[in-house]
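The residues making up each chain are set out below.
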Amino acid sequence: MAKSENPLDVYRRQQRKKELKKNKNARIKARDEKVAATRAIDEVKAEISLLERKRDKFGKNTEKGDVDEERSGGLDSNETKKLERLKKELKIVTAASAKRKELHEQAQREKELQLIAAQKTVEGVQKLNESKYSVLERYASVYYEDQMNPFGAPPPGKPKMYWSDAEKKSTTMNARMAVVPSQLQHKFDAEMKKQGHDDVGNNQDTSGRKRRWDERGPGMHSQQQFNNQGMVHGQMRAPPPPPPTPPSFQKPLPLPPPSTAPPPPPPPPPFSKLL
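Below, the structure is looked at part by part. (Residues numbered from 1 in each chain as written. Predicted model: local features only at pLDDT ≥ 70, side-chain atom pairs only at ≥ 80, totals over all residues. Heavy atoms only, no water.)

Some remarks on the overall build of the protein
In terms of helices and strands, the protein carries nine helices and four strands. Residues classed as buried in the protein amount to 21% of the 275 residues present. Across the protein, contacts joining residues at least 24 apart in sequence account for 46% of those joining residues at least 6 apart. Put simply, the protein shows about 23,400 Å² of open surface, and 57% of that area lies on carbon and sulfur atoms. (Helix = DSSP H or I, 4+ residues; strand = E, 2+ residues; numbered from the N terminus. Buried < 20%, exposed > 50% of the residue type's maximum accessible area, 1.4 Å probe, protein only. Contact = heavy atoms within 4.5 Å. Areas by Shrake-Rupley, 256 points an atom, 1.4 Å probe, with all protein chains shown as cover.)

What to know about unusual backbone geometry
Unusually for a residue other than glycine, K168 sits at a positive phi of about 60 degrees. With respect to the helices, strands and loops of the structure, K168 is situated in the loop between β1 (162-163) and β2 (171-172). Note on K168: relative accessible area 38%, which makes it partly exposed.

Some thoughts on helix α4 (residues 77-118)
Under the 1.5 Å per step criterion, the end-to-end length of α4 is 61 Å for 42 residues, consistent within 8% with the ideal 62 Å. Taken together, the buried positions of α4 are E79, L83, R85, L86, E89, I92, V93, A96 and A118. (Expected span 1.5 Å × (residues − 1).)

What about the packing of aromatic side chains?
Under the defined criterion, the tally for this structure stands at two aromatic pairs. Considering the side-chain rings of Y139 and Y144, the 5.2 Å spacing of their centres and the 45 degrees angle between planes classify their relative orientation as tilted. Assessed through its relative accessible area of 10%, Y139 is described here as buried. Ring pairing ties together the aromatic residues Y139, Y144 and F188, which thus form one cluster. (Phe/Tyr/Trp six-rings, centres within 6.5 Å; stacked < 30°, edge-to-face > 60°.)

Brief notes about the pattern of salt bridges
Counted according to the given criterion, the structure contains nine salt bridges. Residue R39 pairs with E47 through a salt bridge whose shortest N-O separation is 3.2 Å. For R85, the salt bridge is made with E89, and the minimal N-O distance between the two is 3.3 Å. On the criterion of helical spacing, the pair formed by R85 and E89 is a turn pair, its members being four residues apart in helix α4. The class for R85 is buried, based on a relative accessible area of 16%. Relative accessible area serves as the criterion here: at 10%, E89 is assigned to the buried category. Within the structure, one salt-bridge network assembled from shared partners comprises D32, R39, E43, E47, R85 and E89. (Salt bridge = Lys/Arg side-chain N within 4 Å of Asp/Glu carboxyl O.)

Topic: the nonpolar core
Formed by V135, Y139, A140, Y144, Y162, A178, V180, L184, F188 and M192, the largest nonpolar core amounts to 10 residues. Where this core is concerned, the elements lending two or more residues are α6 (135-140) and α7 (185-194). The biggest single contributor to this core is α6, with three residues. Aside from chain neighbours lying at most four places away, what touches L184 is Y139 and Y144. (Core = buried A, V, L, I, M, F, W, Y, C linked by side-chain atoms within 4.5 Å.)

Quick look at the packing of helix α1 (residues 7-38) against α4
Packed helices, taken two at a time, are described by the angle between their axes plus the distance between the axes. Following both chains from N to C, one finds α1 and α4 inclined at 60 degrees, their axes separated by 9 Å at the closest point. Considered as vectors, α1 and α4 are oriented oblique to each other. The chirality of how α1 crosses α4 is right-handed. Contacts from I28, R31, D32, V35 and A36 in α1 reach R85, K88, E89, I92, V93, A96 and R100 in α4. (Axes fitted to C-alpha atoms, helices over the stretch in contact; angles between N-to-C directions. Parallel < 35°, antiparallel > 145°, perpendicular 65-115°, else oblique. Left-handed = near helix turned anticlockwise from the far one by under 90°.)

Shown next, in the form of structure tokens:
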């Protein structure tokens, strides 16, 4: 008579198998998600092409019965598994790319529908313009009109243009250099106070910044930078010592006159024979 197994042990083995299978599927899913988020299609295709060229180039020896894969140059077991994994990764990356493209197009369509729906009502158009143009851009715009164009939107086909000084003498296309004209300054201040901003009346600072760095040369520094360099921990830094004065130019001393040699002695008298 065969010995019967304990039903509790059978149940535990089944649960253990289910748990192992669940963990394996979770690891595979996590790895596929990482591949879809980090890998590129061209990168995976390049690796697949490299292995396929190696397989096609050295596959003739394997077909003739050559079992030595290292000598024949064919794909070994690890490379074969890698090729299969790369093909699976290519499918995952392609599907993820198509999904991202579809989501992007869907978001674009929803945005366009929202814009179209907003343009059908006056409140929607006003909210759209408020989100598109800041308060400074409205009142500093060259195209601003109190009734016809309160947001300073440029006409179709023309770029945005702003006043760069309060007297309306010069213009700029840079919104950072925009300056509200003096005629509209009170409206600008009222709108800024209405929105809860405290820095009203300071829009002319941008033009001052422009003039300051235009007047300074490339090698000059601002007064603020000079003051910051002169302070150390809140105390005035001692001025640097003056550079040493170069040595004064001295004329070379005159050369001494050439020394005169004494005259040679007179020649001896001629030898006279003794008588």
